[in-house]
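Topology and contacts: notes
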Amino acid sequence: MRLTNYFIKKKVQSLASGAANRKHEFCTLEDAGHVLVLYQADDHEFVEPCLEKLRKMRKKVEACVYVSGSTLPEMKASYTAVHAKKDLDTWQTPSDAIVEQLKTVRADILIDLTRSDCYPMQYIMLQHPCRFKVGVKRADIDLYDLSISLTEREDIKHLFDHILFYLQAIRSK
């Protein structure tokens, strides 16, 4: 049995308020060797071509996929799946084991492509030690070092193209 989003949303808000104090380190796409991408299994067919773009740029790409239903898309063995039915507790909080497993994934850039109501993935993202996090700007809370505002055509390919554009435009050092 799952309860409402209330408890996980409060945990995410608490983690987000503390995230402002963490060490931020901007990273250009050119400087990044490892990229971790968070997305939902329902979006797999749209996300995989985006990940292929990163691989063609010679980036090591790892992914964490949130699976809300019982169907798991065919994906690479290196991807980590977070199953709503077995990896979340009653309050929809991811298990400590899955959070710790994902904390060990090395990433220079973390890209969050999940939707705004996917609180378990926001919880995981906020606990990941990556120093440069990118995602869609949320109206109620600021979660990322680089937030992309979308006003039209809010599909994943469009979002990903914007993220790549801004990551290539950043000049560090």
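Right above here is the structure, for reference.
Read on for an overview of the structure. Predicted model only: the values in this text are computed from it and were never measured.

To continue, consider the layout of surface pockets. Size it by volume and the largest pocket reaches roughly 250 Å³. What lines the largest pocket is a set of 13 residues, and nearest its centre among them are Val136, Arg138, Leu150, Glu154 and Leu159.

One open sheet accounts for 6 strands, arranged β3-β2-β1-β4-β5-β6; its pairing is parallel. What marks the edges here is a single partner per strand, and that holds for β3 (80-83) and β6 (146-148). Strand after strand, the sheet turns through a mean of 15° between neighbouring axes, direction not considered. In terms of strand pairing, strand β4 (residues 109-112) meets strand β5 (residues 133-136) through 2 bridges, oriented parallel. Bridged to Ile111 within β5 is Val134. Docked against the sheet, helix α5 (residues 156-169) engages β4, β5 and β6, running at close to 140° with respect to β6.

Turning next to a nonpolar patch on the surface. Together, Tyr6, Phe7 and Trp91 line one region of the surface with nonpolar side chains, adding up to about 340 Å² of accessible area. Locating Tyr6 in the fold gives a position in helix α1 (residues 6-19).

Moving on, we get to the pattern of salt bridges. Tallying each qualifying case throughout the model produces 8 salt bridges. The salt bridge partner of Arg55 is Glu48, with a shortest N-O separation of 3.1 Å. Under the relative-accessibility criterion, Glu48 is labelled buried at 18%. Among the salt bridges present, the one from Glu62 reaches Lys60, with a minimum N-O distance of 3.5 Å.

What follows concerns unusual backbone geometry. In this model, Arg58 sits at a positive phi of 65°, which is unusual for a non-glycine residue. Within the secondary structure, Arg58 is located in the loop between α2 (44-56) and β2 (60-67). The class for Arg58 is exposed, based on a relative accessible area of 77%. Located in the positive-phi region is Gln92, a residue other than glycine, with phi close to 65°. You can see Gln92 is positioned in the loop between β3 and α3 (96-103).

Rules used throughout
Residues numbered from 1 in each chain as written. Predicted model: local features only at pLDDT ≥ 70, side-chain atom pairs only at ≥ 80, totals over all residues. Heavy atoms only, no water. 1 Å grid on protein atoms, 1.4 Å probe; cavity = no way out; pocket = protein on both sides within 12 Å on 5 of 7 lines; lining within 4 Å. Points joined across faces, edges and corners; volume = space filled by probe spheres on them. Pairing = 2+ DSSP bridges. Helix = DSSP H or I, 4+ residues; strand = E, 2+ residues; numbered from the N terminus. Axes fitted to C-alpha atoms, helices over the stretch in contact; angles between N-to-C directions. Contact = heavy atoms within 4.5 Å. Patch = residues over 30% accessible without salt bridge, like charges linked within 9 Å, V, L, I, M, F, W, Y side chains within 5 Å. Areas by Shrake-Rupley, 256 points an atom, 1.4 Å probe, with all protein chains shown as cover. Salt bridge = Lys/Arg side-chain N within 4 Å of Asp/Glu carboxyl O. Buried < 20%, exposed > 50% of the residue type's maximum accessible area, 1.4 Å probe, protein only.

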